[in-house]
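# Observations on the three-dimensional arrangement
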Amino acid sequence: MAPVRGSKKRKKTEKKPEENAYGSGSSERDGPLDWWDELLRRINGIQCPSKGVDKFESVFKISRKTFDYICSLVKEDMMAKSAHFVFANGKSLSLCDQVAVALRRLSSGDSLVTIGDLFGVNHSTVSQVTWRFVESMEERGLHHLQWPSTEAEMTEIKSKFEKIRGFPNCCGVIDTTHITMCLPASDPAGNVWLDHEKNHSMILQTVVDADMKFRDIVTGWPGKMKDWLVFQNSNFYKLSDKGERLNGKKVEISKGLEIREYIIGDSGFPLLPYLVIPYEGKDLPESKIEFNKRHSATRMVAQRALARLKDTWRIIHGVMWRPDKHRLPRIILVCCLLHNIAIDMEDEVQDALSLSSNHDSGYHQEICGTTDVDGVNLRDKLALYLSARLPP
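Everything quoted here is computed from the prediction, not taken from an experiment. (Residues numbered from 1 in each chain as written. Predicted model: local features only at pLDDT ≥ 70, side-chain atom pairs only at ≥ 80, totals over all residues. Heavy atoms only, no water.)

### A short note on the confidence of the model for the protein chain
With 86% of its residues at a pLDDT of 70 or more, the protein chain shows a mean pLDDT of 87. Segment residues 6-32 is flagged for pLDDT under 50; beyond a separation of four residues in sequence, or across chains, it makes 55 contacts in the model. Across residues 46-53 the pLDDT falls below 50, and counting only partners more than four positions away or on other chains, this stretch makes eight contacts in the model. (pLDDT = per-residue confidence, 0-100. Contact = heavy atoms within 4.5 Å.)

### A word on the pattern of salt bridges
This model, assessed by the stated rule, comprises 19 salt bridges. With a shortest N-O distance of 3.0 Å, aspartate 77 and arginine 140 are connected by a salt bridge. Here the residue aspartate 77 occupies a position in helix H3 (residues 64-78), and arginine 140 occupies one in helix H6 (residues 123-140), the gap between them amounting to 63 residues. Through salt bridges with shared partners, one network takes in Glu76, Asp77 and Arg140. (Salt bridge = Lys/Arg side-chain N within 4 Å of Asp/Glu carboxyl O. Helix = DSSP H or I, 4+ residues; strand = E, 2+ residues; numbered from the N terminus.)

### A word on the packing of aromatic side chains
One pass over the full model with this rule turns up 13 aromatic pairs. With a centroid separation of 5.3 Å and an interplanar angle of 75 degrees, the aromatic rings of tyrosine 279 and phenylalanine 291 are classed as edge-to-face. Of this pair, tyrosine 279 sits in the loop between strand S7 (275-276) and helix H10 (286-312) while phenylalanine 291 sits in helix H10; the two residues are 12 residues apart in sequence, bridging distant segments of the chain. Like tyrosine 279, the residue phenylalanine 291 is buried in the burial classification. An aromatic cluster is present here, built from Trp35, Trp36, Phe56, Phe60 and Phe67 joined pairwise through their rings. A cation sits over an aromatic face here: arginine 327 above tryptophan 131, 4.1 Å from the ring centre. (Phe/Tyr/Trp six-rings, centres within 6.5 Å; stacked < 30°, edge-to-face > 60°. Buried < 20%, exposed > 50% of the residue type's maximum accessible area, 1.4 Å probe, protein only. Lys NZ or Arg CZ within 6 Å of the ring centre and 35° of its normal.)

### Remarks on H3
Remark: the principal bend of H3, roughly 40 degrees, maps to serine 72. Buried residues dominate H3, accounting for 11 of its 15 residues. Where H3 is concerned, the buried positions are Thr66, Phe67, Asp68, Tyr69, Ile70, Cys71, Ser72, Leu73, Val74, Asp77 and Met78. (Bend = angle between axes of the 7 residues up to and from the residue.)

### Section: unusual backbone geometry
Phi angles above zero are rare outside glycine, and asparagine 169 is one such case at about 65 degrees. Looking at the secondary structure, you find asparagine 169 in the loop between helix H7 (151-165) and strand S1 (170-182). On the basis of relative accessible area, asparagine 169 is assigned to the buried category, the value being 3%. The residue lysine 198 is not glycine, and still its phi comes out positive at about 65 degrees. Checked against the element boundaries, lysine 198 lands in the loop between S1 and strand S2 (200-208). By relative accessible area, lysine 198 is classed as exposed at 66%.

### Focus on the pairing of strand S4 (residues 251-254)
A regular strand places its side chains on the two faces of the sheet in alternate fashion. Sheet analysis places S4 next to strand S5 (residues 257-259), joined by three bridges and oriented antiparallel. In the sheet register, glutamate 252 faces S5, and the bridge partner there is glutamate 258. (Pairing = 2+ DSSP bridges.)

### Description of the environment of threonine 114
Relative to the assigned elements, threonine 114 resides in helix H5 (residues 112-119). Relative accessible area serves as the criterion here: at 39%, threonine 114 is assigned to the partly exposed category. Note: C-alpha distance between threonine 114 and valine 126 (12 residues apart in sequence) is 9.7 Å.

### What to know about helix H11 (residues 328-344)
Taking 1.5 Å of rise per residue, 17 residues should cover 24 Å, and H11 covers 24 Å from first to last C-alpha, within 8% of that figure. Where burial is concerned, most of H11 is hidden: 15 out of the 17 residues are buried. Taken from the residues just after H11, glutamate 346 is the one with a positive phi, measuring 50 degrees. (Expected span 1.5 Å × (residues − 1).)

### Some details on the packing of H7 against H10
At a minimum axis distance of 9 Å, the contact between H7 and H10 shows a crossing angle of 130 degrees. As far as their axial angle goes, H10 and H7 are oblique. In the packing of H7 onto H10, the handedness of the crossing is right-handed. Where H7 abuts H10, its residues Phe161, Ile164 and Arg165 lie against Arg294, Ala297, Thr298 and Val301. Split into classes, the residues belonging to the contact of H7 with H10 amount to four nonpolar, one polar and two charged. (Axes fitted to C-alpha atoms, helices over the stretch in contact; angles between N-to-C directions. Parallel < 35°, antiparallel > 145°, perpendicular 65-115°, else oblique. Left-handed = near helix turned anticlockwise from the far one by under 90°. Nonpolar A, V, L, I, M, F, W, Y, C, P; charged D, E, K, R; others polar.)

Dropping the structure here:
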């Protein structure tokens, strides 16, 4: 994964916990066995049944299994100095309480005051607990956002992409979205963040696999940066350009005709030897029309991933009120990590969500227009190959 702009390296040595190493209520300090019941009574102010699974999932947008796993990741950091985190009644927040506060803040996007009133804590406690959670997750959960490290893993990704609309040897889809912000008129640097749709925003660029999992992200750049400039400043671009990424086995699609590894993207990106974009223009031949249809359908994976990211972790959905622009990239990263964790945990709550593809409402397609001759050749090979295949 490319570095996140604004991230801060922590020197603490990571102790990677094993999955399901922690279950809520595992010790008195972590929280009582009926932690969720107590929290639900606190939220609703009424007596609740012993099991509130549906309510739990609606509050946090993840399953209890995923919640417990996240607790296991951050336990050491969150419980290090937690005595000063207390409810209004003076009772200390358990590990579960702290993770619940942070996840509710990230998943709802509600204000600190609203979250504080919901849980019965001071709004400053919500802020401190959430930030401690973000700091812990960006270290402890980073292994959930990595470029495939084995040939077997990459082979599986390619196979899944080929099953979507027939693209052979495809390793991912690249796309960008804007995290919009409301900045004060007095901010002297405000114009830097003003994008082409006249919104203040920060860019998130992602490379997504066929399971809608983020494999590489770049964030922190101002919204006025063009998609292709963000890409050309990314570590992904540098590695691919030097032949250190997307350099796996070629695939023979017909006798004497080979296809290298590549990713696909929209017309906001350049056409490169390893990045394939759609054909532009009117009155295209049938082979190119067919290519564009398949290309568009395959790109939908990234659009749906970004839409789900924003729908689930709504702190980055809509317009953020005067965010700390140094902390925001780290919050975005952690939202991406949580998105991936839900996929890795095979979270059924996430599977039940609708698959929207609208992640940048009101934004229009920008055209890069840069082409590379090797990229042209790769795209033409793919177009001829796909046009010869029967419709899926």
